[in-house]
Amino acid sequence: MGIKDSAMIAVKDCMGVKPGENVLIVSDTERDFIGVPIYEATMELGAEAVYVEMKPRTMSGEEPPEPVAEAMLHSDVVIAPTKFSLTHTRARINACSRGARIATMPLTEGTRGLITEMFSTGGMTADYHRMKSNISRLLSRLQGAKQARITTALGTDILVELGGRKWHEDTGLALKPGDFTNLPGGELFIAPTNANGRLVIDGTFGDFGLLETPLELLIENGMVVEAKGAHADDLKGLFKKMGQGARTVAELGIGMNPKARLWGILLEDEKAGNTVHLALGNNIGFGGTCDVPMHADGIVTNPAIYIDGKKLDIGEYL
């Protein structure tokens, strides 16, 4: 497959774009090589397509310019291949609440060649309807769970309290008004109510890409109290800049895309099978209470997952 094939999968299969729909492609000056093919695929389907290219944001979670946010409110479909994520912005949340079907594609890390290869051969090539079925099966297993314990051979041992909050499916399909997904899609995620323990991130972390050595976080009462290892000083700088909310354990996610793999590009890496991710910062858009302009996911590979004390065999759902 090539980039044009993946772009058509995105707009036709994943977003269900129809002739005459108002479709907004929000890109920036560093990710136009993905934005333009998606715009062209949208045009091929006969949609009323508009392509907007903005200055890249400075970090994930930062709001787009007001004219872009306003245009999102008046669109049937929004697809956002950008350098930094618009997922956890009020602009995205408000547009979904008005009925827009939205896919964000935060392509923060990676060269143009690596991103193009990932988009053409990785998680975008999955069988999205089969994956949706598998995610739904796992959701049925997780509904009502009170706790998740994550352990790894590298030293992760963290107990995550779920507190009756809702699990969210990211199936890569946004076919009904108000639907939201990442592309590529493929995860289940939740905003925890509390977490305690040690988290050793050995995959990709936030906007820093694939880690050469692990980042170790000590978490008490749902907050990071100590960080050491890869990018620990950078993370402490973010805490200082963003305030205490940035220390919040915001998300627990389980990767469910069998075609996704670790590229050092968080957008796809967090969807890879046999991984979990825990994020820090903003979770206001999916059931949490932390509202800061930051959301940083940390990928943990080869985890053992225990749900209310019973081990979960994630391979049964991939």
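Residues numbered from 1 in each chain as written. Predicted model: local features only at pLDDT ≥ 70, side-chain atom pairs only at ≥ 80, totals over all residues. Heavy atoms only, no water.

Asker: I'd like a rundown of helix α4 (residues 90-97), residues and numbers included.
Answerer: Burial in α4 covers these residues: A91, R92, A95 and C96. One side of α4 holds all its buried residues, which, seen down the axis, span an arc of 130°. Tucked into the core, α4 has its buried residues touching α3 (66-73), β4 (101-106) and β8 (180-182). One or two residues past the end of α4 sits G99, with phi positive at roughly 105°. (Buried < 20%, exposed > 50% of the residue type's maximum accessible area, 1.4 Å probe, protein only. Helix = DSSP H or I, 4+ residues; strand = E, 2+ residues; numbered from the N terminus. Arc of directions from axis to C-beta. Contact = heavy atoms within 4.5 Å.)

Asker: Describe the sheet that holds strand β9 (residues 187-190), listing the residues and the values that go with them.
Answerer: One open sheet accounts for 5 strands, arranged β7-β9-β13-β14-β15; its pairing is antiparallel. The open sheet has two free edges, formed respectively by β7 (168-170) and β15 (295-301), since each of these has just one partner strand. Averaged over all pairs of adjacent strands, the angle between strand axes in this sheet comes to 25°, irrespective of strand direction. Sheet topology places β9 next to strand β13 (residues 249-255); 4 bridges connect them, and they run antiparallel. By the bridge assignment for β13, L188 is matched with I254. (Pairing = 2+ DSSP bridges. Axes fitted to C-alpha atoms, helices over the stretch in contact; angles between N-to-C directions.)

Asker: Quick rundown of the side chain of D297? Include the residues and the values.
Answerer: Summarising the element assignment, D297 is placed in strand β15. Although D297 is buried, it makes no salt bridge; K271 carries the closest opposite charge, 8.3 Å away. In terms of polar contacts, D297 uses its side chain to reach the side chain of H295, at 3.4 Å. Excluding residues within four positions of it along the chain, D297 makes contact with T204, F205, G206, E251, L266, E270, H277, L278 and A279. (Lys, Arg positive; Asp, Glu negative; His and termini not counted. Salt bridge = Lys/Arg side-chain N within 4 Å of Asp/Glu carboxyl O. Polar contact = N/O pair within 3.5 Å; in protein donor to acceptor, adjacent residues only side chain to side chain.)

Asker: Which residues make up the sheet that holds β4, and what are the values?
Answerer: Through backbone hydrogen bonds, the strands of a sheet pair up, either in parallel or in antiparallel fashion. Across the sheet, which stays open at both edges, the 5 strands sit in the order β2-β1-β3-β4-β8 with parallel pairing between neighbours. Of all strands in the sheet, those with a lone pairing partner are β2 (48-54) and β8, marking the two edges. Neighbour-to-neighbour, the strand axes of the sheet open up by a mean angle of 15°, direction not taken into account. Relative to strand β3 (residues 77-82), strand β1 (residues 22-28) runs parallel, the two sharing 3 bridges. Bridging across to β3, L24 finds its partner in V78. Packed on one face of the sheet, α3 meets β1, β2, β3 and β4 and runs near 155° to β1.

Asker: Help me get a handle on the packing of helix α1 (residues 3-14) against helix α5 (residues 112-121), residues and values and all.
Answerer: At a minimum axis separation of 8 Å, α1 and α5 run at an interaxial angle of 60°. Considered as vectors, α1 and α5 are oriented oblique to each other. Remark: the crossing between α1 and α5 carries left-handed chirality. Touching I3, S6 and A7 of α1 are T116, F119 and S120, all from α5. Taken together, the residues of the contact of α1 with α5 sort by class into 3 nonpolar, 3 polar and no charged. (Parallel < 35°, antiparallel > 145°, perpendicular 65-115°, else oblique. Left-handed = near helix turned anticlockwise from the far one by under 90°. Nonpolar A, V, L, I, M, F, W, Y, C, P; charged D, E, K, R; others polar.)

Asker: I'd like to hear about the environment of L235, residue by residue, with values.
Answerer: By the secondary structure assignment, L235 is in helix α7 (residues 232-242). With 20 residues separating them in the primary sequence, L235 and L215 have C-alpha atoms 9.9 Å apart. Setting aside chain neighbours within four positions, we find L235 in contact with F205, L215, L217, A227 and L280.

Asker: How would you sum up the state of the cysteines? Please name residues and give values.
Answerer: Throughout this description, disulfide means a covalent bond between two cysteine sulfur atoms. Within this structure, the stated rule accounts for 0 disulfides. Not engaged in a disulfide, the cysteine C96 finds its nearest cysteine sulfur in C14; these two sulfurs lie 15 Å apart. Given the relative accessible area of 9%, C96 is considered buried. Free cysteine: C290, not disulfide-bonded; nearest cysteine sulfur from C96 at 20 Å. A residue is classified by how much of its surface remains accessible, and C290, at 10% relative accessible area, is buried. (Disulfide = S-S within 2.5 Å.)

Asker: Outline helix α2 (residues 32-44), supporting the account with residue identities and numerical values.
Answerer: An ideal rise of 1.5 Å per residue puts 18 Å on 13 residues; α2 measures up with 18 Å between its terminal C-alpha atoms. Turning to α2, its buried residues number three or more, namely F33, I34, G35, P37, I38, A41 and T42. Those residues of α2 that are buried lie in contact with α1, β1, β2, β3, β4 and α5. Just downstream of α2 lies G46, where phi reads positive at about 85°. (Expected span 1.5 Å × (residues − 1).)

Asker: Describe the nonpolar core, listing the residues and the values that go with them.
Answerer: Core analysis: the biggest nonpolar cluster contains 81 residues, and I38, L138, W167, L217, I254, M294 and L312 have the highest contact counts within it. The element contributing the most residues to this core is helix α6 (residues 128-142), with 6 residues. Ignoring anything within four residues of it in the chain, the contact list for I254 reads L138, L142, W167, G186, E187, L188, T275, V276, H277, L312 and I314. Listed in part, the 14 residues of the second largest apolar core include L24, L86, A95 and I102. (Core = buried A, V, L, I, M, F, W, Y, C linked by side-chain atoms within 4.5 Å.)

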